[in-house]
Amino acid sequence: MSGNGKRHPRDQIDRLADAHAEDIITMSDEEFLAELKEDGQDLKRLTAQGRAAISKADAAHDKGKLFALRESYKKMLAEQAVAARRPKVLELSLSEKRRILEFNASRLTLAARHGDNASENDVDGLLEDMIELGVINEEGRTK
Amino acid sequence: MSSGQSPHLSAAEQILRDLGISTPEEIDIEMIAWHRGAKVKYRRLDDCEARIVGNGDSAIITVDNRFGPARVRFSVGHELGHWHHHRGRSLICRSEDIEKGSNAGPLNPERIADAYSADLLLPNYLLQPMIRGLAKLTWEEIGKVADAFSASLTATGIKLVETGPVPSLLVCHSKVGRRWFTRHRDVPWRWFPRDDMDADSLAFEVLHGTISRSRRAKIGADAWFDRLDAPKFDIFEESTKINREALTVLTIEDEEMLEEEDAPRRR
């Protein structure tokens, strides 16, 4: 609105649109459909257009989730690159490492594809994972 | 769809849909794992190809990346399948369990994890529109789909045979015999592939000879099926060599072969 009391044409259009929107919102479904029919509108086409608009909005929202996920994943990768230290538990004997693994196994979800035996290298990897997951500390003690 | 479970989507497909994934290129398996609470690591593994260790709602998937990107992706998907279906359990998938493939029971955890991975990497809502008009199932077509989804030829072949529009079987032979097979839903159970490989088949040349892929050719059905009525039918075979094994697509075009004789005994 301008300072001299005259309404700006844009404001007038906005007020008109608001009034129309208010009318539509307060209408019952039946009144709304009857009005559209009276105007000669193709209800099927309008429904399809409405659904497409909702799908598009949904997709945009989901893509937003995908973007946020990418960002958090990148952040995790950057943090992971910083932390790399050989934990003390890896200095233990293989039998001691296996004992730690077996002692904690019941707390874990564990699945290995083509896993018939576990070498020391594989046991070390499992212990490192258990440290990272908070199952044991760096000395191999159960948390 | 951003909320609620769609009845026609599998659990894996629903995850992709919820993330708004609408093209095969967007299926970033590491990121999907992260979304599911699992971090993917790569390191040399001596006694397994991939594994998952989980505690509560967090997990670490470790994959040996010496096996090529498509197989690595499948392995990550497989471990995510265990994470989804077998959380809190301890499963060691031995080589022989995995090799049973579709011959293992439907409740076999390996098969469940494989199916999850296939749905994650080759989701039907993206795959089916692409293959709807497929008239012939050939390794060239399987290769095109595999490339589009960055999936392995084996995983793509299995998916296309099982869910595609062409009545067919996929049979895997090593030099010691048939290792596994799978079939299209319209192929009657009586067409059960032979254990051995017929020396007249083109697949024999792929498995034992120097060619890596045979041409698609017509052959008597008795080369592949040990049934009294097999000699009266012809089928099409085409083989490719993958890791010292021959994978053969058998396509059935004869309607009579597809007619059910007995009560259905499909798996």
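Residues numbered from 1 in each chain as written. Chains lettered and ligands numbered in written order. Predicted model: local features only at pLDDT ≥ 70, side-chain atom pairs only at ≥ 80, totals over all residues. Heavy atoms only, no water.

**Brief notes about the sheet that holds strand β7 (residues 217-220) of chain B**
Residue and element names in this part refer to chain B.
- Taken in spatial order, the 5 strands line up as β6-β5-β9-β8-β7 in an open sheet, and their pairing is antiparallel. Each edge of the sheet is formed by a strand with only one pairing partner; in this case those strands are β6 (177-183) and β7. Mean inter-strand twist for the sheet, computed between neighbouring axes without regard to direction, equals 30°.
- Summarising the sheet, strand β5 (residues 168-174) and strand β9 (residues 245-251) pair through 6 bridges and their orientation is antiparallel. Pairing of cysteine 172 across the sheet is with leucine 247, part of β9.
- In this fold helix α7 (residues 139-149) packs onto β5, β8 (234-242) and β9, with an angle of close to 110° to the strand it touches most, β9.
- The strands that helix α8 (residues 153-163) touches are β5, β6, β8 and β9; relative to β6, the one it contacts most, it runs at about 45°. (Pairing = 2+ DSSP bridges. Helix = DSSP H or I, 4+ residues; strand = E, 2+ residues; numbered from the N terminus. Axes fitted to C-alpha atoms, helices over the stretch in contact; angles between N-to-C directions. Contact = heavy atoms within 4.5 Å.)

**A word on the packing of aromatic side chains**
Residue and element names in this part refer to chain B.
- Applying the stated criterion across every chain, the model contains 5 aromatic pairs over all chains.
- For the ring pair tryptophan 189 and phenylalanine 192, a centre distance of 5.9 Å and an interplane angle of 75° mean the geometry is edge-to-face.
- Residue tryptophan 189 is classed as partly exposed on the basis of its relative accessible area, which comes to 23%.
- Each residue in the set Phe181, Trp189 and Phe192 is aromatic and connected to the rest through ring pairs, giving one cluster.
- Taking the ring centre of tryptophan 83 as reference, the NZ or CZ of arginine 87 above it sits at 3.8 Å.
- Positioned above the aromatic ring of phenylalanine 236 is the side chain of arginine 216, whose terminal nitrogen or guanidinium carbon lies 4.2 Å from the ring centre. (Phe/Tyr/Trp six-rings, centres within 6.5 Å; stacked < 30°, edge-to-face > 60°. Buried < 20%, exposed > 50% of the residue type's maximum accessible area, 1.4 Å probe, protein only. Lys NZ or Arg CZ within 6 Å of the ring centre and 35° of its normal.)

**Some words on the domain arrangement of chain B**
- What the domain assignment reports for chain B is domain 1 (11-121) and domain 2 (167-258).
- Domain 1 of chain B and domain 2 of chain B are separated by 29 Å when their C-alpha centres are compared. (Domains from an automatic or database assignment.)

**Let's talk about the packing of helix α6 (residues 124-131) of chain B against α7(B)**
Residues and elements named next belong to chain B.
- The geometry of α6 relative to α7 is characterised by a closest axis approach of 12 Å and an angle of 145° between their N-to-C directions. Judged by the sense of rotation from one axis to the other, the crossing of α6 with α7 is right-handed. Between α6 and α7, the contacting residues are Leu126, Leu127, Met130 and Ile131 on the first element and Val145, Ala148 and Phe149 on the second.
- Looking at the contact of α6 with α7 residue by residue, the class counts come to 7 nonpolar, no polar and no charged. (Left-handed = near helix turned anticlockwise from the far one by under 90°. Nonpolar A, V, L, I, M, F, W, Y, C, P; charged D, E, K, R; others polar.)

**Points about the side chain of B:His184**
Residues and elements named next belong to chain B.
- Within the fold, histidine 184 resides in the loop between β6 and α9 (202-208).
- For histidine 184, a relative accessible area of 1% translates into the label buried.
- Among the polar contacts listed, one links the side chain of histidine 184 to the backbone oxygen of glycine 164, at a separation of 2.8 Å.
- Side chain to side chain, histidine 184 and arginine 185 meet in a polar contact 3.4 Å long.
- Dropping the residues within four chain positions of it, histidine 184 is found in contact with Val161, Glu162, Gly164, Pro165, Val166, Pro167 and Ser168. (Polar contact = N/O pair within 3.5 Å; in protein donor to acceptor, adjacent residues only side chain to side chain.)

**What to know about the environment of B:His82**
- Note on placement: B:His82 falls in helix α3 (residues 69-85).
- C-alpha separation for the pair B:His82 and B:Ser117, spaced 35 residues apart in sequence, amounts to 9.7 Å.

**A short note on a negative patch on the surface**
Residue and element names in this part refer to chain A.
- A contiguous patch of negative charge on the surface is contributed by Asp18, Glu22, Asp23, Asp29, Glu30, Glu31, Glu35, Glu38 and Asp39.
- Mapped by element, the contributors of at least two residues to the negative patch are α1 (9-26) and α2 (29-38).
- The element contributing the most residues to the negative patch is α2, with 5 residues.
- In this structure, glutamate 22 sits in helix α1. (Patch = residues over 30% accessible without salt bridge, like charges linked within 9 Å, V, L, I, M, F, W, Y side chains within 5 Å. Areas by Shrake-Rupley, 256 points an atom, 1.4 Å probe, with all protein chains shown as cover. Salt bridge = Lys/Arg side-chain N within 4 Å of Asp/Glu carboxyl O. Lys, Arg positive; Asp, Glu negative; His and termini not counted. Charge placed at Lys NZ, Arg CZ, Asp CG, Glu CD.)

**A few points about a nonpolar patch on the surface**
- A grouping of A:Ile24, A:Phe32 and A:Leu33 is seen on the molecular surface, where their side chains present a nonpolar patch of about 250 Å² in accessible area.
- Among the secondary structure elements, A:Phe32 is positioned in helix α2.

**Quick look at the pattern of salt bridges**
- Taken as a whole and assessed by the stated rule, the structure comprises 25 salt bridges over all chains.
- For the salt bridge of B:Lys41 with A:Glu132, the shortest nitrogen-to-oxygen distance reads 3.1 Å. Placement of the pair is B:Lys41 in strand β1 (residues 38-42) and A:Glu132 in helix α5 (residues 120-132), with the two residues belonging to separate chains.
- A salt bridge links B:Glu256 to B:Lys232, with the nearest nitrogen and oxygen atoms 3.1 Å apart. Residue B:Glu256 is found in helix α10 (residues 255-258), and its partner B:Lys232 is found in the loop between β7 and β8; the two are separated by 24 residues along the sequence.
- Classification of B:Glu256 by relative accessible area gives partly exposed; the value is 39%.
- Judged by relative accessible area, which is 55%, B:Lys232 ranks as exposed.
- When salt bridges with common partners are traced through the structure, they connect A:Asp129, A:Glu132, B:Lys39, B:Lys41 and B:Arg51 into a single cluster.

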